[in-house]
Amino acid sequence: MTRTHLAAFILTVSSTLACNALAADPAIWKPAPTPLSTPWAESVTPENVWPQYPRPTLARDAWLNLNGLWDLSITSGNAAPTFDTKILVPFPVESSLSGVGKRVAPTDVITYRRSFTTPAEWSSFGADRRIMLHFGAVDWSCTVQVNGKDVGAHKGGYDPFSIDITSALTSGQNEIIVRVTDPTNAGGQPRGKQWDVSSGIWYTSISGIWQTVWLEPLPATSITNAVIKGSANGLIESNITINGPTDGLTLEVSFDGANIQLSNPGPKASPRIQIGGVKTWSPSSPHLYNAEVVLKRGDTIVDMVKTYFACRDIAVAKDEAGINRLMLNGKPLFQFGPLDQGYWPDGLYTPPNEEAMVFDLKAIRKFGCNMLRKHVKVESELYYTWCDRMGILVWQDIPSPFFADGRGGADDREHKKSPPLTAEWKANFENEAKEIITDLARHPSIIMWVPWNEGWGQNDLNWSREIANKVKTWDPTRLVNNASGWTDMNVGDTLDYHAYPDPTCPPLESNRASVLGEFGGLGLPLDGHTWVNKNNWGYKSYPDKTTLTAAYNDLLKQIPNLIADGLSAAVYTQTTDVEIEVNGWLSYDRRQWKIDPERVRKATAALYAPAPTKTWLVPHANRLAEKDRPEWSFTTTAPASGWESSSFDPSAQASPWLKGKSGFGTRGTPNAIIGTEWKTSDIWLRRTFDLPASFTLNDSMKDSIKLSLYHDEDAEVYINGILAVKAEGYTTSYRTFDLTPESLASLKAGSNTIAIHCHQKFGGQGIDAGLFMTK
């Protein structure tokens, strides 16, 4: 038997089985108007739309692509379909490339229709063959008829599903009708960032078929799933699912010269083998083993699928310093990459073509990243195959659920105003989450599941904690990030913070790794490349590409010190602009690189170098347990002149200086650690610290002593009475600052003084500082 390499069976489209069966006159289809389009949109036609084989991890040679032009009707309520227009499948109804570009109301019914004829070659599968109809994804609830007969139904916008349509087929032409409803905001189904009105961080909703539709012939007994996973130690384990009688059959799993055989395997088989000379999978060397899974009766092949797998381990374990790290194949690997929304101005959820999809992944690699966080959306199988091949680690979010009035945990972090969860809504989320995890299990690039984001849908914290624990049960081979940002439930493998724009490191824990699930969001709207001409936004905006790139570089330069603190991963927001968000590396239309990857290459590479060693001269509150946090002298009344100098004595002043533990501010200020409440407009702080008798400042030390500062808002920091740092505005994390040369020169053995003035303007407030030295 000839072994077929992965690239061949992903990219080869053979004979009429893989061609678009519905040849169409291009004159009856054209893209709907859109504010922006990508370079690939102009090459999309009904004849060439998504021709690739859609399931490379369970591949067969015989299949029929049903992408192309379908009849479409959008009606309200129980009205009969009119089929008065065409739609280009698999683009969602609301997208430009669908040719429709129309918003769908919660009560609308979307009805698709097309005809097909099964290829004559499929008769070779025998009289008892089965014909399967596969859908990559349909949002949200659908029913399917073939030749007027109900053949199946499905709920869930992100997981693939299959229907056996054999009993409904005729020998000639057949007709498929798919009816879809999608309540979007009016329902409790998972929907990610889809919203009925695009605004802020919410994007255009999508409805209907949005991934490939295809047919596949199967023998009476067939392989329905094959999950093969390898460990870095060479243990290869597989789980094979078989439909149909298996008596007298032999199951073979073969790869790279190895062969495992089982007789009479039954409906579920789990062959395993230990191999030597393991080639592990990693971002720097993403080795994949091509495999064949075969059912035989004697020497006759009954069924065969091609797949692949990798040998890799992912875990949380302590490094040499006793800090929990993300470990790939037993070694710490800092993970850095973008928050990836997966939206397109012309296709919305569906990329224009494979080349466009891979362009985004190549951009991630060009920026020096080794991972991405797929944000509250699930992509096609082909997407994850490319991640497997390119060595891109994937954190996979489960699309968030929301509620009938549009509220979720993100709008009410204490969950007092959001409506109660219904049993149906809980079932919608749990069922789809489990299906997504099961369907994507064959992809080694996926190393972490993220069931919750920023509290969205976490109205019932006991239930959301239960879901996080179930995810680990469903897939114990991957990490679980129980909640990215805000609503942590003290379970899973990571503690995940969000901080904008500056990066931060969450507190260290005994069992979980500390990761930064979102940061950055630096914005730049470019004329001619924005979705709308006004109300565009980023977390912090810049006037041009040069200043934006410099600011991004500055953010990256802060991360190595956070890695030294214990940070294991950082996720930058984001790959591209999306609708009115203009905080991407690239513009929404992918025509402009707003940040120059060459100019940030050095700062990115430093993230994977050995972390510096930090010595804290003055620890801030984020580094210490509450009981160990240092006391500062403080006053909220303007002090006398010279308050910042070393000779100033707070106890001798007419206006009293009080004592308080760091940090200072109001509770609820994002990522602020509050030991002492401060809620007036101004605060003045000071404390002394000692440097050892052996301390002598030399030239090599001048670049290694830094200030770590949380400020909300304007702050001035003095060392021994000399201005060291002046910081305007606010941060939502501790940021590293260089000290002025004059203040550095004032450091001496023995007693030194650090003094701070912080001025509050509006909103939350907080101030805390620490001084450290690296080597």
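In what follows, the structure referred to is the one given above.
Residues numbered from 1 in each chain as written. Predicted model: local features only at pLDDT ≥ 70, side-chain atom pairs only at ≥ 80, totals over all residues. Heavy atoms only, no water.

Our focus in this paragraph is the layout of surface pockets. Each pocket or cavity is described by its volume, and for the second largest pocket that value is around 860 Å³. Along its surface, the second largest pocket is lined by 40 residues, and Arg55, Pro160, Phe161, Ser162 and Glu381 are the ones closest to its centre. Of all the secondary structure elements, the ones that give two or more residues to the lining of the second largest pocket are strand S5 (130-135), strand S9 (161-164), strand S14 (213-218), strand S15 (222-230), helix H3 (381-390) and helix H4 (423-439). Residues belonging to the lining of the second largest pocket are distributed by class as follows: 19 nonpolar, eleven polar and ten charged. (1 Å grid on protein atoms, 1.4 Å probe; cavity = no way out; pocket = protein on both sides within 12 Å on 5 of 7 lines; lining within 4 Å. Points joined across faces, edges and corners; volume = space filled by probe spheres on them. Helix = DSSP H or I, 4+ residues; strand = E, 2+ residues; numbered from the N terminus. Nonpolar A, V, L, I, M, F, W, Y, C, P; charged D, E, K, R; others polar.)

Strand order in the open sheet formed by four strands is S18-S17-S23-S24, and the pairing between neighbours is antiparallel. The outermost strands of the open sheet, each flanked by one partner alone, are strand S18 (258-263) and strand S24 (300-309). Across this sheet, the average inter-strand angle for adjacent strands is 15 degrees, counted without regard to direction. Where strand S17 (residues 250-255) and strand S23 (residues 289-297) come together, six bridges link them in antiparallel fashion. The residue of S23 that forms the bridge with leucine 251 is leucine 295. (Pairing = 2+ DSSP bridges. Axes fitted to C-alpha atoms, helices over the stretch in contact; angles between N-to-C directions.)

As enumerated under the stated definition, the model contains four cavities of 30 Å³ or more in all. By volume, the largest cavity is sized at about 70 Å³. Lining the largest cavity are Thr504, Cys505, Asn561, Leu562, Asp565, Lys614, Trp616, His620, Asn622, Ser708, Tyr734 and Thr736. Listing elements by their share of the lining of the largest cavity, those giving two or more residues are helix H6 (545-565) and strand S38 (614-618). For the lining of the largest cavity, the element with the most residues is H6, which contributes three residues. For the lining of the largest cavity, the class distribution of residues is four nonpolar, six polar and two charged. The space that makes up the second largest cavity amounts to roughly 40 Å³. Asp340, Gly342, Trp344, Pro351, Met357, Asp360, Lys374, Lys377, Glu379 and Tyr383 together form the lining of the second largest cavity. Residues belonging to the lining of the second largest cavity are distributed by class as follows: four nonpolar, one polar and five charged.

Angle between the axes and distance between the axes are the two parameters that describe a pair of packed helices. Relative orientation of the contacting elements helix H2 (residues 354-366) and H3 amounts to 35 degrees, with a least axis distance of 11 Å. For the pair H2 and H3, the crossing hand works out as right-handed. Residues Glu354, Met357, Val358, Leu361, Lys362 and Arg365 of H2 pack against Leu382, Tyr383, Trp386, Cys387 and Met390 of H3. Taken together, the residues of the contact of H2 with H3 sort by class into eight nonpolar, no polar and three charged. (Left-handed = near helix turned anticlockwise from the far one by under 90°. Contact = heavy atoms within 4.5 Å.)

Turning next to the environment of glutamate 598. The residue glutamate 598 is located in the loop between strand S37 (567-573) and helix H7 (601-605) in this model. Put simply, glutamate 598 and phenylalanine 762 are 164 residues apart on the chain and 38 Å apart in space, counted from C-alpha to C-alpha.

Another aspect to go through is the nonpolar core. The nonpolar side chains of a soluble globular protein tend to be buried with one another. Grouped together as the largest cluster of nonpolar side chains are 87 residues, with contacts concentrated most on Phe336, Leu361, Tyr552, Ile559, Tyr572 and Trp585. Considering every element that reaches this core, the biggest residue donor is H6, with eight residues. (Core = buried A, V, L, I, M, F, W, Y, C linked by side-chain atoms within 4.5 Å. Buried < 20%, exposed > 50% of the residue type's maximum accessible area, 1.4 Å probe, protein only.)

Here the focus is the packing of H4 against helix H5 (residues 461-474). The N-to-C vectors of H4 and H5 enclose an angle of 20 degrees; their axes lie 11 Å apart at closest approach. Put simply, H4 runs roughly parallel to H5. The element H4 and its partner H5 pack so that their crossing is right-handed. Only Trp463, Ile467, Lys470, Val471 and Trp474 of H5 make contact with H4, whose side of the interface consists of Lys426, Phe429, Glu430, Ala433, Lys434 and Ile437. Taken together, the residues of the contact of H4 with H5 break down into seven nonpolar, no polar and four charged. (Parallel < 35°, antiparallel > 145°, perpendicular 65-115°, else oblique.)

Tracing the chain through its elements places serine 115 in strand S4 (residues 108-116). Under the relative-accessibility criterion, serine 115 is labelled partly exposed at 26%. A sequence separation of 154 residues divides serine 115 from alanine 269, and the C-alpha atoms of the two residues are 38 Å apart. Excluding residues that lie within four positions of it along the chain, serine 115 makes contacts with Gln173, Asn174 and Glu175.

Our focus in this paragraph is the packing of aromatic side chains. The tally for this structure, following the rule as stated, stands at 34 aromatic pairs. A centroid spacing of 6.3 Å and a plane angle of 80 degrees characterise the contact between tryptophan 40 and tryptophan 344, whose relative ring orientation is edge-to-face. Taken together, the residues tryptophan 40 in the loop between helix H1 (6-11) and strand S1 (64-65) and tryptophan 344 in the loop between strand S28 (335-340) and H2 connect sequence positions 304 residues apart. Between tryptophan 531 and tyrosine 588, the aromatic rings sit 5.5 Å apart at their centres with planes inclined by 65 degrees, giving edge-to-face as the arrangement. Highlighted residues: tryptophan 531 in the loop between strand S35 (522-523) and strand S36 (540-541) and tyrosine 588 in the loop between S37 and H7, separated in sequence by 57 residues. Neither tryptophan 531 nor tyrosine 588 differs from the other in exposure class; each is buried. Three or more aromatic residues joined by ring pairs form one cluster here, namely Trp40, Trp344, Phe359, Phe367, Trp585 and Trp593. In this structure, lysine 366 packs its charged tip against the face of tryptophan 593, placed 4.7 Å from the ring centre. (Phe/Tyr/Trp six-rings, centres within 6.5 Å; stacked < 30°, edge-to-face > 60°. Lys NZ or Arg CZ within 6 Å of the ring centre and 35° of its normal.)

Moving on to H3. Of all ten residues making up H3, nine are buried, and the element is well covered by its neighbours. The complete set of buried residues in H3 reads Glu381, Leu382, Tyr383, Tyr384, Thr385, Trp386, Cys387, Asp388 and Met390.

Its 14 residues place the ends of H5 20 Å apart at the C-alpha level, agreeing with the 20 Å of an ideal helix rising 1.5 Å per residue. Of all the residues in H5, the buried ones are Trp463, Ser464, Ile467, Ala468 and Val471. Around the axis of H5, the buried residues are gathered within 145 degrees of arc, so they sit on the same side. Residues of H5 that are exposed and point more than 90 degrees away from the buried face comprise Asn462 and Thr473. Lining the buried residues of H5 we find H4, strand S31 (446-450) and strand S32 (479-480). Capping the start of H5, aspartate 460 holds a side-chain oxygen 3.2 Å from the backbone nitrogen of asparagine 462, two or three residues further along. (Expected span 1.5 Å × (residues − 1). Arc of directions from axis to C-beta. Polar contact = N/O pair within 3.5 Å; in protein donor to acceptor, adjacent residues only side chain to side chain.)

Going through the model one piece at a time under the given rule, you end up with zero disulfides. Of the cysteine sulfurs around cysteine 311, a residue in no disulfide, the closest is that of cysteine 387, at 19 Å. Cysteine cysteine 505 remains unbridged, with the sulfur of cysteine 369 as its closest cysteine sulfur at 19 Å. (Disulfide = S-S within 2.5 Å.)

Counting buried residues along S4, seven of its nine residues qualify, which places the element largely inside the surrounding structure. Across six bridges, the pairing between strand S2 (residues 68-76) and S4 is antiparallel. If you follow serine 76 over to S4, its bridge partner there is aspartate 108. Here S4 runs beside strand S10 (residues 174-181); their pairing, made up of seven bridges, is antiparallel. For isoleucine 110, the partnering residue across the bridge sits in S10 and is valine 180.

Moving on, we come to unusual backbone geometry. Following serine 662, the chain continues to glycine 663 via a peptide bond in cis, the omega torsion being -10 degrees. Looking at where glycine 663 falls in the secondary structure, it is placed in the loop between strand S40 (658-661) and strand S41 (664-665). In this structure, glutamate 713 follows aspartate 712 across a cis peptide bond, with omega equal to 20 degrees. Mapped onto the elements, glutamate 713 comes out in the loop between strand S44 (705-712) and strand S45 (714-719). Unlike most non-glycine residues, asparagine 329 shows phi in positive territory, near 55 degrees. Positionally, asparagine 329 belongs in the loop between strand S26 (324-328) and strand S27 (331-332).

A few words on the pairing of strand S43 (residues 682-691). Look at any regular strand and the pattern is simple: side chains alternate between the two faces of the sheet. Among the ten residues of S43, eight are classified as buried, and the element is accordingly described as predominantly covered. Where strand S39 (residues 631-635) and S43 come together, three bridges link them in antiparallel fashion. Counterpart to threonine 635 in the pairing with S43 is tryptophan 684. Examined bridge by bridge, S43 and strand S48 (residues 750-759) share ten bridges and lie antiparallel to one another. Each residue of the ladder has a partner; that of leucine 691, found in S48, is glycine 750.

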